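The lines below spell out each chain.
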Amino acid sequence: MHKEAAIREPLILGHKTYHDITEDVCRPIEDKAPRMWYILFGIALIVGLYGIGCILYLLGTGVGVWGLNKTVGWAWDITNFVWWVGIGHAGTLISAVLLLFRQKWRMAINRSAEAMTIFAVFMAGLFPLIHMGRLWLGYWVLPLPNHFGSLWVNFNSPLLWDVFAISTYLSVSLVFWYIGLIPDFATIRDRAKRPIPKKMYTILSFGWSGRAKHWNRFELVSLVLAGLCTPLVFSVHSIVSFDFATSIIPGWHTTIFPPYFVAGAVFSGFAMVQTLLLVMRKAMKLEAYIHVRHVEYMNIVIMVTGSIVGTAYITELFISWYSGVEYEAYAFINRATGPYWWAYFAMMTCNVISPQLMWFKKLRTSLTFTFIIAIVVNIGMWFERYVIIVTSIHRDYLPSSWSMHYPSHIDIGVYLGTIGLFFVFFLLFARFFPVLALNELKTILKSSGESYKNAPDGQLPDPTPTPIAEGPVAKEVASVTDGEPTVDLEESKEEPIEAPSGLLGSIGSADESMKNDLKKLSGVGPAFETALNDAGIWTYEQISKMTKAEYDMMDALTGKFPGKAEKEDWASQAKELMNANN
């Protein structure tokens, strides 16, 4: 097993066991939802339904209900589109890149971050659709034979590139997220007592049994999808930036946009992840798994990407002066001193100044300060998109056509509606799906858990194993390490080992006449059942009495899947099977 340096802070706080992790993660799903969940869900649903009403009114009336005019043809809707796409970036980036680099702190945050990606991209996708105004004519953008005569389709438009880039990104991210959920769905399936949830999670888990073949394929597919997601993270927002960079409008026509947009997207996405995680850790009592160390790592990324964004702002200003193009220079002078100066200074304050406060360790490890800065950053990134889009076109080459943009109540309603729908989806996710990577968290318990981390080599934390007599069996038990489970699918060829009195003395003795079907336990096949029988374990009642000490002795006796019984919580499974039989 890989052992971390003692100087590193543990990733799992408290004296947690495998069973504790299962209970902590499954509790929000299995217990009744708290009152606060219903309050938040009700508020989010009302706001979301109001947004849907605004969208339906827009489709029935036309885009004239927006606050657009002849000069400002793009404004609030495209600002929201780019903002949501940016937020959707960080989730997959966190999970994919940290998986490829084998970073253990990923385990506590990847599930929520990936879910945030999916729901944010859903919200972003609404805006290109409603921007068409007449959805039933959406097929006009495709180069299809038609009976309308010569139809000048926009198949080569950067706006259509967005459709392909974002749909590809969504598809890969959705599969990546769902694949990671399958082992945890199986755990919830095995614990479910009511028939409807059990059937639902059985379908969702795709027959997962935890066999070595399944885990091998899980690891392989996860790595392949992570490899696909990583370049997509960079390509999607680069293509979104082409909506502007391929035009000839001063303030947009610049080659710095692709890397600048990617950095801004990661910047805003990480801030949204921080906001969601800090609320969720408190609401669901997950402080042992999401704590200061995770927050600090995320804040360092926010600080770095915020510095990149600030450098991009300064580069834009320098190039506008150095180019000698008066129209380009005026576009940036107008941003800082024109009628939208307040939006420009809000952008600079939120995106350039506030992240630099993270250089102070006391601030970047403060949960309250982090929550405030995360919200400030997302406000600033919204203003960035608004400044780029509106201030670049509200004053064009002809002063006679200069105009201002004022959002209508429909503009604001649609935007608030997407925020409401986003939280509706996220709250449903937190209610019915495991918000932490349950089975992956268990893989780091013995290397990064507080109880195990600083324990002397070869010494297990309390509770200590029950002492047993000296002899060959004692040596077998003493050889049990706290390493990661190994897999041996071949049936043992050795003679059966007599179970020590310490084991059967704790769980009781039984014989073949009392035998239960132990194969109903998760991960037990015919060979494993034979090994258990040879050790004197025949019944559910015996297994239901097992604690960590008995698990360790049983692992030493059977020699198969060390740690699996504790990880799968066989004692609880056995109790459920006993109840079902009775």
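Residues numbered from 1 in each chain as written. Predicted model: local features only at pLDDT ≥ 70, side-chain atom pairs only at ≥ 80, totals over all residues. Heavy atoms only, no water.

Attention now goes to the overall build of the protein. Each helix and strand counted, the protein has 24 helices and zero strands in total. By the burial criterion, 53% of the 582 residues in the protein qualify as buried. Taking the intrachain contacts of the protein between residues at least 6 apart in sequence as the baseline, contacts between residues at least 24 apart amount to 81%. Summed over its atoms, the accessible surface of the protein is roughly 27,200 Å², and 66% of this surface lies on carbon and sulfur atoms. (Helix = DSSP H or I, 4+ residues; strand = E, 2+ residues; numbered from the N terminus. Buried < 20%, exposed > 50% of the residue type's maximum accessible area, 1.4 Å probe, protein only. Contact = heavy atoms within 4.5 Å. Areas by Shrake-Rupley, 256 points an atom, 1.4 Å probe, with all protein chains shown as cover.)

Moving on: helix α20 (residues 526-534). Taken residue by residue, α20 has F528, E529, A531, L532 and N533 as its buried positions. Immediately downstream of α20, the backbone of G536 shows phi near 90°, a positive value.

Turning to its location among the elements, S320 is positioned in helix α9 (residues 292-322). Given the relative accessible area of 5%, S320 is considered buried. Sequence separation between S320 and G251 is 69 residues; the distance between their C-alpha atoms is 8.4 Å. Leave out the neighbours within four places in its chain, and S320 touches V325, E328, A329 and F332.

Low pLDDT marks regions whose predicted coordinates should not be analysed in detail. Of all residues in the protein, 87% have pLDDT values of 70 or greater, and the mean over the chain is 82. Note that pLDDT drops below 50 for residues 462-501; the model gives that stretch 55 contacts with residues more than four away or on any other chain. (pLDDT = per-residue confidence, 0-100.)

Given two aromatic rings, one states the distance between the centres and the angle between the planes to describe the pair. Under the criterion given, the structure shown has 49 aromatic pairs. Judged by centre distance (6.2 Å) and plane angle (50°), the ring pair of W321 and Y322 falls under tilted. Taking NZ or CZ as reference, R335 lies 4.6 Å from the ring centre of F332, over its face. If you follow R431 out to its NZ or CZ, it ends over the ring of F432, 5.5 Å from the centre. (Phe/Tyr/Trp six-rings, centres within 6.5 Å; stacked < 30°, edge-to-face > 60°. Lys NZ or Arg CZ within 6 Å of the ring centre and 35° of its normal.)

The subject of this paragraph is the nonpolar core. Soluble globular proteins tend to bury their nonpolar side chains together. Counting 131 residues, the largest nonpolar core has W84 and F244 as the members making the most contacts within it. The element that contributes the greatest number of residues to this core is helix α3 (residues 76-100), accounting for 14 residues. Those residues within four positions of W84 in sequence are excluded, and the remaining contacts are A120, M123, A124, F127, T418, I419 and F422. Within the second largest apolar cluster, 17 residues are counted, among which are I507, I543, M554 and L577. (Core = buried A, V, L, I, M, F, W, Y, C linked by side-chain atoms within 4.5 Å.)

This part is about the pattern of salt bridges. In total, this model carries 13 salt bridges according to the counting rule given. With a closest N to O distance of 2.8 Å, E30 and R191 form a salt bridge. Residue E30 is located in helix α1 (residues 18-30), and its partner R191 is located in helix α5 (residues 158-191); the two are separated by 161 residues in the primary sequence. What makes R191 buried here is its relative accessible area of 14%. (Salt bridge = Lys/Arg side-chain N within 4 Å of Asp/Glu carboxyl O.)

All right, on to the packing of helix α7 (residues 212-245) against helix α8 (residues 257-283) then. Taken N-terminus to C-terminus, the directions of α7 and α8 make an angle of 125°; their axes are 8 Å apart at the nearest point. By the criterion of interaxial angle, the relationship of α7 to α8 is oblique. Along this stretch, α7 crosses α8, giving a crossing that reads as right-handed. Across the interface between the two elements, F234, H237, S238, V240, S241, F242, F244 and A245 of α7 pack against F257, P258, F261, V262 and A265 of α8. The class makeup of the residues in the contact of α7 with α8 is ten nonpolar, three polar and no charged. (Axes fitted to C-alpha atoms, helices over the stretch in contact; angles between N-to-C directions. Parallel < 35°, antiparallel > 145°, perpendicular 65-115°, else oblique. Left-handed = near helix turned anticlockwise from the far one by under 90°. Nonpolar A, V, L, I, M, F, W, Y, C, P; charged D, E, K, R; others polar.)

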